[in-house]
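Structural overview for review
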Amino acid sequence: MTDAKQLQAAASAATKRPMAARDHGCPPMSPQAGLVLVREIAPRLRSAIPGVRKVGAEDDEELLQDGLTMAAEMLHNLERRGKSVTPGNVAYYCLLHLKSGRRSYSGGRTDVMGSGTQL
């Protein structure tokens, strides 16, 4: 088999797997964790987001999306390690991250225009 055919076969096999399995080599988040995220964590974040200080053009919906992204990542990592945690704890720590200026895309303070630097 030529190199081009091998690359094409590998690329087609990679696209048939879920995104999480392609990126990290692990299975995606379970449906139970997804339900916990939508039914229990999202309402807690939605009610507490108006108390988070916004930077620049941020609004409540954008902060909610970032909070849900961080919560999903936390749930996925905890589930992968076999740990159990309450939805209230996940929401609490996501809110602490948001209040301190951390976002789902960056938590650093080296960017002058970043939310963590401007708070």
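Residues numbered from 1 in each chain as written. Predicted model: local features only at pLDDT ≥ 70, side-chain atom pairs only at ≥ 80, totals over all residues. Heavy atoms only, no water.

1. As for the nonpolar core
One finds Ile-41, Leu-45, Ala-71, Val-90, Cys-94 and Leu-98 to be the most contacted residues of the largest nonpolar core, which totals 15 residues. For this core, the secondary structure elements donating two or more residues are helix H3 (31-48), helix H4 (60-81) and helix H5 (87-99). With residues up to four places along the chain from it excluded, the contact list for Leu-45 reads Leu-64, Gly-67, Leu-68, Ala-91, Cys-94 and Leu-95. (Core = buried A, V, L, I, M, F, W, Y, C linked by side-chain atoms within 4.5 Å. Buried < 20%, exposed > 50% of the residue type's maximum accessible area, 1.4 Å probe, protein only. Helix = DSSP H or I, 4+ residues; strand = E, 2+ residues; numbered from the N terminus. Contact = heavy atoms within 4.5 Å.)

2. Description of H3
Helix length check: H3 (18 residues) gives 25 Å between terminal C-alpha atoms against 26 Å at 1.5 Å per residue, within 8%. At Ile-41, H3 shows its strongest bend, of approximately 40°, with the proline Pro-43 following within four residues. Among all positions of H3, only Ala-33, Gly-34, Leu-37, Ile-41, Ala-42 and Leu-45 are buried. Where H3 is buried, its residues touch H4 and H5. (Expected span 1.5 Å × (residues − 1). Bend = angle between axes of the 7 residues up to and from the residue.)

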